[in-house]
Amino acid sequence: MTGLSRRRFLQGFAGVGAGVLSGCGGLPFFSGAKAHVVVVGGGFGGATAAKYLRLLDANIQVTLIEPKAKYITCPGSNWLFAGLAGLDQLTVDYQALQDKYGIKLLIDRVSSLDAGQRRLRLAGGQSVSYDRLIMSPGIDFRWDAMAGYDQAAAEQFPHAWQAGPQTLMLARQLQAMPDGGVVLLAVPADPYRCPPGPYERASMMAYWLKQHKPRSKILILDAKRSFSKQALFEAGWTKHYGYGTANSLIEWHSLADNPLLELDKPNRVLTSEFGDRFRGDVLNIIPPQTAAYIALQQGLADSTGWCPVRPLTGQSLFDDFIHVIGDAAHYAPIPKSAFAANSEAKACALAVTSLLNQTPVPEAHWLNTCYSLIAPDHGISVAGVYKLDAADAIAPVKGAGGVSARADAQVAAAEADYTRAVYRNLIADTFG
Ligand SMILES: Cc1cc2nc3c(=O)[nH]c(=O)nc-3n(C[C@H](O)[C@H](O)[C@H](O)COP(=O)(O)OP(=O)(O)OC[C@H]3O[C@@H](n4cnc5c(N)ncnc54)[C@H](O)[C@@H]3O)c2cc1C
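Residues numbered from 1 in each chain as written. Predicted model: local features only at pLDDT ≥ 70, side-chain atom pairs only at ≥ 80, totals over all residues. Heavy atoms only, no water.

(A) A look at the packing of aromatic side chains. As enumerated under the stated definition, the model contains 15 aromatic pairs in all. With 5.5 Å between their ring centres and 35° between their planes, Y71 and F431 make a pair best called tilted. Separated by 360 residues along the polypeptide, Y71 in strand β3 (residues 70-72) and F431 in helix α10 (residues 409-431) bring together distant segments of the chain. Exposure remark for F431: the relative accessible area of 4% places this residue in the buried category. Judged by centre distance (5.8 Å) and plane angle (50°), the rings of W143 and Y149 are tilted. Exposure remark for W143: the relative accessible area of 24% places this residue in the partly exposed category. Within the aromatic cluster, the residues linked to one another by ring pairs are Y199, F227, F233, W237, Y243 and W252. A cation over a ring is seen here: R118 above F321, with NZ or CZ 3.8 Å from the ring centre. One residue, K336, lies across the ring of W306, its end atom 4.0 Å from the ring centre. (Phe/Tyr/Trp six-rings, centres within 6.5 Å; stacked < 30°, edge-to-face > 60°. Helix = DSSP H or I, 4+ residues; strand = E, 2+ residues; numbered from the N terminus. Buried < 20%, exposed > 50% of the residue type's maximum accessible area, 1.4 Å probe, protein only. Lys NZ or Arg CZ within 6 Å of the ring centre and 35° of its normal.)

In structure tokens:
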């Protein structure tokens, strides 16, 4: 055993706890009594973790806790604005996880957690004990970032950053807008869920406007200086939407030095620090984000608002028996995406089965791809492969990953097909 893997093995061993060390003689600790792993959150991270735990070790009992009986995927939700998908096509349930993999599903919300007793309390009153807990509760929003924009205002000016009724509301607002109207799309600073998401959204809105309301304009008001796949997006916008000309359907403005500070609701105006005023007919304000409330409330996040973890196992730095994955966790430089959450979940499931069976935690690799549609026949992508470096930090693997080739029409059309195929595969791998 190398020094490094021995250290990881011992770290993992320490995580199992002293009780486990007594008299196991290398046999799985839970032979006889089945280990119970509870997974909180049935999104891409949680559903994948639950499924792969059962695939890796059918002796482990797995309970998945999720408040919604059906889950609407954020991936694909931007396609709604172009009329390429409806919410029903983006909706999945947990039937296969229960029937095919024997996962116990509790449709409920975790309201609190007693880490000392390793017990969760659910909003419905039930309490559930665990041997190990995997948390994948996703994101919540920072409502203090812009004066005038709070949860109530979001019902009028939807962020639509958790797919569902708000996505539909925003699509209807776009459809009701006069030709020649202005859409304001306010984008937060990093890190946030799905770095290329706002630009795919602008593309899909522009595709629809081009056909139905071609005198309109989308102003992207960005808290950043640059954005994911920028050169590819801009080339696509130039090709399809007149980007860079006076009649462009899309304008991108960096407000990195002049942040948006206030929403004037009655006048539909966003005001920046230097007093610039942007008036829109449709306002899509995506607030800055944090780990979901349950993670914050339970002290699993640090001052950044995200949950720090040991990347190899996903164990919280604050509790060895709690693993955090997906958007809620700090896995930078891996971006916050469904593909990444699925990959983190698999590594975590492998680590949890190893810890429960007292076997060394294998080396992990993580993958991410983010595909975006600029038009129905024009896709672009970014891919990354990651592993631990010598200091046990996540680092990109040199020479792996990258972005799509500067698109000729054939490459762009193939990438559009891959976009839809990757979505279908991710759904099948996570929920099927
Ligand atoms: C517009 C948009 C487009 C996107 N497109 C893509 C894309 O093309 N490709 C891609 O890879 N990613 C995409 N993403 C990102 C992707 O949606 C997220 O990264 C992914 O959903 C993260 O998975 P997760 O499991 O961390 O969180 P989620 O999928 O949000 O799941 C969290 C779950 O936890 C549950 N939960 C929360 N609190 C509790 C509690 N107290 N008790 C029990 N359950 C709880 C929630 O109900 C939720 O179902 C997109 C995002 C957006 C907004």
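(B) Region of the structure containing the pattern of salt bridges. The full count for this structure, using the stated rule, is 11 salt bridges. The closest approach of N and O atoms between R142 and D144, which form a salt bridge, is 3.4 Å. Under the relative-accessibility criterion, D144 is labelled exposed at 62%. Salt-bridge contacts for D281 lead to R279; the nearest nitrogen and oxygen are separated by 3.3 Å. (Salt bridge = Lys/Arg side-chain N within 4 Å of Asp/Glu carboxyl O.)

(C) Geometry of α10. With 23 residues, α10 should reach 33 Å at 1.5 Å per residue; the first-to-last C-alpha distance of 33 Å fits that figure. Among all positions of α10, only A412, E415, A416, T419, Y423, L426, I427, D429, T430 and F431 are buried. (Expected span 1.5 Å × (residues − 1).)

(D) View of the pairing of strand β19 (residues 307-310). Where β19 and strand β22 (residues 329-330) come together, two bridges link them in parallel fashion. Counterpart to C307 in the pairing with β22 is A329. Between β19 and strand β20 (residues 315-316), which pair antiparallel in sequence order, lie four residues; one of them, G314, sits at a positive phi of approximately 75°. (Pairing = 2+ DSSP bridges.)

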